[in-house]
Number of protein chains: 2
Amino acid sequence: MQWLSAQDDELGLFTDLYELTMAQAYWYEGMHADATFSLFFRNPPTNRAIVLACGQEHAAELITRIRFPHEQLDRLADLKLFREPFLRYLEDFRFSGEIRAIPDGTPVFPQEPLLEVTAPVIEAQVLETALMNYVHLETLLASKALRVVDAARGRPVLDFGMRRMHGQDAALRGTRAYAIAGIHGTSNVLGAFRYGLQPQGTMAHSFIQAHVDELLAFRTYAELYPGTTLLVDTYDTLAGVDKVIRLARDEGLDIGAIRLDSGDLAELARAARRRLDAAGLNTIRIVASGGLDEWKIHALVEAGTPIDGFGVGTDMGTSGDSPSLDLVYKLTEYADEPRLKNSPGKQLTPGRKQVWRARGADGRFQGDEITRVDEVGTGEALLHPLVHHGQLLHPPRPTHQVRETAAAALDALPAELRQLDAAMSAYPVRFSDALLALRQRALDALPAPPSIVGSDG
Amino acid sequence: MQWLSAQDDELGLFTDLYELTMAQAYWYEGMHADATFSLFFRNPPTNRAIVLACGQEHAAELITRIRFPHEQLDRLADLKLFREPFLRYLEDFRFSGEIRAIPDGTPVFPQEPLLEVTAPVIEAQVLETALMNYVHLETLLASKALRVVDAARGRPVLDFGMRRMHGQDAALRGTRAYAIAGIHGTSNVLGAFRYGLQPQGTMAHSFIQAHVDELLAFRTYAELYPGTTLLVDTYDTLAGVDKVIRLARDEGLDIGAIRLDSGDLAELARAARRRLDAAGLNTIRIVASGGLDEWKIHALVEAGTPIDGFGVGTDMGTSGDSPSLDLVYKLTEYADEPRLKNSPGKQLTPGRKQVWRARGADGRFQGDEITRVDEVGTGEALLHPLVHHGQLLHPPRPTHQVRETAAAALDALPAELRQLDAAMSAYPVRFSDALLALRQRALDALPAPPSIVGSDG
């Protein structure tokens, strides 16, 4: 359904209005110098020790496709805000600048640029909203999914969330984020096809209900789908397990797993495991679902519950405990001069930057340094050119490659960061002396002396 | 960007895999009788006394467009789960059934069907995921926005959330939900064009930073956009206010409002108001933004803070305090027989239903009754036919009409439900005796006797 997202020719209008009014103001003032904007998050998100950056590579591609075709300019003209010469400028708009970015699948920490745009200020401003919307979603969902994967400690995690994710775009791109975070499979057919995850599914309660006879419903499904997973809690969970035993042991049907979706999952899993094992069916696995999140999975795993896989839906799909990141896109340089703002609690560090990630003697990452772009730090430089003179340097990498990036980087982080209750501050990130000096110089150069709030009383 | 949502020809694949595997199983068994599925939410969402149902009308249209073109069937065939005759059946698939729904913009309560589908079971099953994903998003965002609007008590609320909403689909359809909930305007240009909200915008900190000289930036903007809103907190908020005064009073520029985006909004608003009034500029309004939610707005309004409008972003855009609804789509009837499930904590009430909303002597709604579809209750029947024999009976109503539905219905609810801390249970909803009797009969007819969990030990 094309009307669920912007059409290709509407992409320029997928923006906050002020990006366009500011653009016109820059244009009328003849402000065409290069600006650098930095995409980063200011504060550690609730309950997250690691943010897994995702979406920069597609976002860069998207930026190169922003246009303002004639029909869209007519819609803008109707607002009576834009003058004809500026609309003519927009008609020829295409991004001509530079984008440097941290590769998709890289763990990042507060204040580290995920991406920097350097371009004539109008161009760098106009793309703000689309860029942020794009990167925020995938990064948010990948960061949440990583927690779920870690809590499951190697047991497969399946995404069952598409029905309550926030729209089609979220459900589809969520599949990509999940793949990058290490999710094993998804119920989302189209998402799986697009991003190379394994489409997976079991059965719904409605299937049992429509048959009334649970045994008949199970038999039909197992005959049609050898190795399938049967949902046993529609009426009475352990009676359902007994029917699975009858079909697998007595009738010889190939049943891969049972799914528990309600009740006391720990108790039911133990009881089901005992019955299955007593029947000699120790190859039938137990999958749990139903309102799961990383904390519930952690508790089940810690308790040694015999659950072999987890289906996770709404909480992962909406990043329920932390449904947004404090992601911002801020001007840090204009016309080769560092720029900042000084709003209470929202100070900026100016200038173009690089992030350096150093390894310790054990091969693990031991800390990051954020430097000026022209410094040489220790370790690996994380930001790489992605768009040059408006041209994409390489297409977005396939999802499985990004997953490899993520897996390698995550494995090299201090292991304690992968604990559910780890604090993001546990990983050291510092600004270089040169960057701090630049910030001080920019602060000193600010035109307005600070006033004391309320002193006018 | 078409790749952010399903293409028209991919809509059949925008589904959980199990819908399709269950469909094939029904097909092989020759189960073609009509099923009724009910779309409702089971439990009151966190912090919500009212859920504002939205999206049913577009979802019904979407359902009538589900197809499985040849290229998509080839992708399904690659999964090695589907047999050729069933794929041929899907090739001719189109929805042939009935949909009854509560109109968009109607307040609803737990257990009340927002929508019922009656169709051959395969058809009614296959559309589950797309239907739920569609209705969940708009209903979620409208219900959240309603709280923000109520907290602002008549002051305009502007949506600034698109940069951190969950993807393009969420940002665009969110605009519709916001319009229905009574939001005044949005920064979202394309959303505003699509759904008839007023596109609104101020300026970003980057605009001030690029100029360094705040006064110059303000002057440029006010000259170009008479009546505009100037953002005063980039460096020093009250010094920014003084510059606005200079431009408005001394230079005679037309400035509509100032925006505060950081710091102690209450204190800054009072100080700014005093300065503006002392300068004779009492027509310049004060707009606040920056991490606002309904509780913060409520506190500001309660305290009599001189703020004339609110820009609300991420928290409203992600329904931050309650980012999902417990929306479900459940089989309640098959082949003219009531169906239920009996999972712990997830019991169903079977049968096709109607919802009756009665008014008291004061003209306000005093309670709802959920009945069997063939009963006549008291008051207004909420579910109306929307699709008949697979044909849409009327196109989705324009957003402004839905807003009128919502405004009238909300005004007729008990006023205390509009309080931020009201409980959903404050509004009485009961099942009819006939419906409860039907449930008991269906429970009595269940084949499996209950077992005691853990009794196998």
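Before reading on, note that the structure itself is shown above.
Everything numeric here is computed off the predicted structure, so don't read it as measured data.

(A) Looking closely at unusual backbone geometry. All names here are of chain A. Not every positive phi belongs to a glycine, and Gln-111 is a case in point at roughly 80°. You can see Gln-111 is positioned in the loop between strand S4 (106-108) and strand S5 (115-120). Non-glycine residue Asp-336 carries a positive phi angle of around 65°. Positionally, Asp-336 belongs in the loop between strand S13 (327-334) and strand S14 (337-338). Note on Asp-336: relative accessible area 68%, which makes it exposed.

(B) Structural detail: the sheet that holds strand S18 (residues 384-388) of chain B. Residue and element names in this part refer to chain B. Spatial strand order, S14-S13-S1-S5-S3-S18-S19: seven strands in an open sheet with antiparallel pairing. Each edge of the open sheet carries a strand with a single partner, namely strand S14 (337-338) and strand S19 (391-392). Where S18 lies against S19, two bridges are found, and the strand directions are antiparallel. Counterpart to Val-387 in the pairing with S19 is Leu-392.

(C) A look at the interface of chain B and chain A. With 131 residues of chain B at the interface, the matching set in chain A holds 131 residues. Together chain B and chain A conceal approximately 11,100 Å² of surface at their shared face, both sides included; 58% is due to carbon and sulfur atoms. Along the contact surface separating chain B from chain A lie 61 residue pairs in polar contact (both at pLDDT 80 or more). Counting residues per element, the side of chain B that touches chain A draws most heavily on helix H1 (residues 17-29) of chain B, which supplies 11 residues.

(D) A look at the pattern of salt bridges. In total, this model carries 70 salt bridges over all chains according to the counting rule given. Residue Arg-173 of chain B pairs with Asp-169 of chain B through a salt bridge whose shortest N-O separation is 2.7 Å. With Arg-173 of chain B and Asp-169 of chain B both in helix H7 (residues 167-181) and four residues apart, this pair spans about one turn of that helix. For Asp-169 of chain B, a relative accessible area of 0% puts it in the buried group. Among the salt bridges present, the one from Asp-411 of chain B reaches Arg-418 of chain B, with a minimum N-O distance of 3.9 Å. In the salt-bridge network here, residues are joined through shared partners; they are Arg-48, Lys-144, Arg-147, Glu-294, Asp-315 and Asp-321 of chain A.

The rules behind the values
- One numbering rule holds for all chains: residues counted from 1, following each sequence as written.
- As they are written, the chains are lettered A onward and the ligands numbered 1 onward, keeping that order.
- For this predicted model, a pLDDT threshold of at least 70 governs which residues receive local features, and a threshold of 80 or more governs which side-chain atom pairs are given and counted, while totals over whole chains, interfaces and linings are taken from all residues.
- Side-chain measures here rest on the full set of heavy atoms in the structure, leaving out hydrogens and waters.
- In this text, helices come from DSSP runs of H or I with a minimum length of four residues, and strands from runs of E with a minimum of two, each type numbered from the N-terminal end.
- Working definition: with a 1.4 Å probe on protein chains only, accessible area under 20% of the residue-type maximum means buried, over 50% means exposed, and in between means partly exposed.
- Paired strands, as defined in this entry, are two strands with at least two bridges between them according to DSSP.
- Note on contacts: a residue pair qualifies if any of its non-hydrogen atoms lie within 4.5 Å across the two residues.
- Buried area is calculated as the accessible area (1.4 Å probe) missing from two parts once they are joined, with the contributions of both summed.
- Any N or O atom pair separated by 3.5 Å or less is treated as a polar contact, with the protein-specific requirement of one donor-capable and one acceptor-capable atom, and with residues adjacent in sequence counted only for side-chain atom pairs.
- When a carboxyl oxygen of Asp or Glu is within 4 Å of a side-chain nitrogen of Lys or Arg, the pair counts as a salt bridge.

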